[in-house]
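The residues making up each chain are set out below.
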There are 2 protein chains.
Amino acid sequence: MAIETFAEMNCSIGRTMSFLGERWTPLVLRELFFGNRRFESIQTELGVASNILSSRLNTLLEEGIVERHRYSERPERFEYRLTEKGLDLQPVMLAIQAWGDRHTAPDGAPLDLVHLDCGHVVHAVPACDHCGEELTARNVRPQAGPGANAHQRERAARRDAEEAERRAAATK
Amino acid sequence: MAIETFAEMNCSIGRTMSFLGERWTPLVLRELFFGNRRFESIQTELGVASNILSSRLNTLLEEGIVERHRYSERPERFEYRLTEKGLDLQPVMLAIQAWGDRHTAPDGAPLDLVHLDCGHVVHAVPACDHCGEELTARNVRPQAGPGANAHQRERAARRDAEEAERRAAATK
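Since this is a predicted model, take the numbers as computed values, not measurements.

Novice: Give a description of the interface of chain B and chain A that names residues and reports values.
Specialist: At the junction of the two partners, chain B supplies 92 residues and chain A supplies 93 residues. Counting the surface lost from both chain B and chain A, the interface buries some 8,400 Å², and carbon and sulfur atoms represent 64% of this. The interface formed by chain B and chain A holds eight salt bridges in total. The interface formed by chain B and chain A holds 41 residue pairs in polar contact (both at pLDDT 80 or more) in total. Ranked by residue count, the leading element in the side of chain B that touches chain A is helix α7 (residues 90-104) of chain B, at 14 residues. Its residues placed into classes, the side of chain B that touches chain A shows 46 nonpolar, 24 polar and 22 charged. Where strand β4 (residues 124-128) of chain A meets strand β4 (residues 124-128) of chain B, five bridges bridge the pair, whose relative direction is antiparallel. Among the inter-strand pairings, Cys128(A) is bridged to a residue of β4(B), identified as Ala124(B).

The structure is reproduced here in structure tokens:
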């Protein structure tokens, strides 16, 4: 585990950021999703020190997010491929890219993504896996989940009470 | 700008990670999305040093992701609220949380999100903003965008050629 403080949190964002929050890791993943699978060519593209790249790839290996495949016997050379668990990070990458295209790219997106099924250049929007409608910052509400601890349950209940108060105050 | 190397990249992922890649920032955003807007209570919840929290909030202010609102005059106290640009980060947070719930929470999600429109506990899936279908690691293809530089155009073309070769080899 990369960032222990985060890995030990009872929080899906904290635990994920325990490796994704390491500097360079999202860019290493960008390269792997792009199809750039070899150490030297990832290093050249990113301009990152080899000890740092090596450390990041090792964390991703330990986390089961990438696997090594030997592509040359003499000299022995490996390439790094995303596992299913790694490919599952695609929604994270799509969301980061969509935000960056919208807010940091005044001259247009550096990289477009084409949706092969409909043929259009796309930006990802988060959809509800139950009804398919778009999820926004205003149409979801947090509540304690099955894995919540006592503190988290108490906190979610307090938040509900505060929200109810706020709504009551707003309608006065 | 927080991480200059990333901010200067012609890459929507790099530029976004220039602030989102700072340690603790995604957890600060988690708190803000949850409705926890005050310095002291964010600090208590996260257990982060006050100089670090202060630095992270300042970056978010500079980036236009949060705004300060005074809620007390004596003593003068402020709370931090997400701007529209900040609320636009919701898809990123949803995607990170969905991955974490799936891969790091064997005892169930610590926090559930309820979609207010359909009433169900949801996990976000990325959808195409054109046709609405789900985007996956296998149904999108990168290509040079309008903001691509010469290197990126050359690289995208080379990738296309390599992919074509791979497909040809696979069908032999």
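From this point on, the discussion continues.
Novice: Explain the packing of aromatic side chains to me, using residue names and the numbers behind them.
Specialist: Summed over the entire model, instances satisfying the criterion amount to four aromatic pairs over all chains. On the numbers, 4.8 Å between centres and 85 degrees between planes, the contact of Trp24(A) with Phe6(B) is edge-to-face. One end of the pair, Trp24(A), is in the loop between α2 (12-20) and α3 (25-34); the other, Phe6(B), is in helix α1 (residues 4-7), on a second chain. A residue is classified by how much of its surface remains accessible, and Trp24(A), at 11% relative accessible area, is buried. With a centroid separation of 5.3 Å and an interplanar angle of 65 degrees, the aromatic rings of Trp99(A) and Phe19(B) are classed as edge-to-face. Highlighted residues: Trp99(A) in helix α7 (residues 90-104) and Phe19(B) in helix α2 (residues 12-20), drawn from two different chains. Each member of the pair, Trp99(A) as well as Phe19(B), carries the same accessibility label: buried. Here Arg159(A) stacks its cationic end above the ring of Phe34(B), 5.4 Å away from the centre of that ring.

Rules used throughout
- Residues numbered from 1 in each chain as written.
- Chains lettered and ligands numbered in written order.
- Predicted model: local features only at pLDDT ≥ 70, side-chain atom pairs only at ≥ 80, totals over all residues.
- Heavy atoms only, no water.
- Contact = heavy atoms within 4.5 Å.
- Buried area = accessible area lost by both parts, 1.4 Å probe.
- Salt bridge = Lys/Arg side-chain N within 4 Å of Asp/Glu carboxyl O.
- Polar contact = N/O pair within 3.5 Å; in protein donor to acceptor, adjacent residues only side chain to side chain.
- Helix = DSSP H or I, 4+ residues; strand = E, 2+ residues; numbered from the N terminus.
- Nonpolar A, V, L, I, M, F, W, Y, C, P; charged D, E, K, R; others polar.
- Pairing = 2+ DSSP bridges.
- Phe/Tyr/Trp six-rings, centres within 6.5 Å; stacked < 30°, edge-to-face > 60°.
- Buried < 20%, exposed > 50% of the residue type's maximum accessible area, 1.4 Å probe, protein only.
- Lys NZ or Arg CZ within 6 Å of the ring centre and 35° of its normal.

Purely geometric numbers; function is a separate question.
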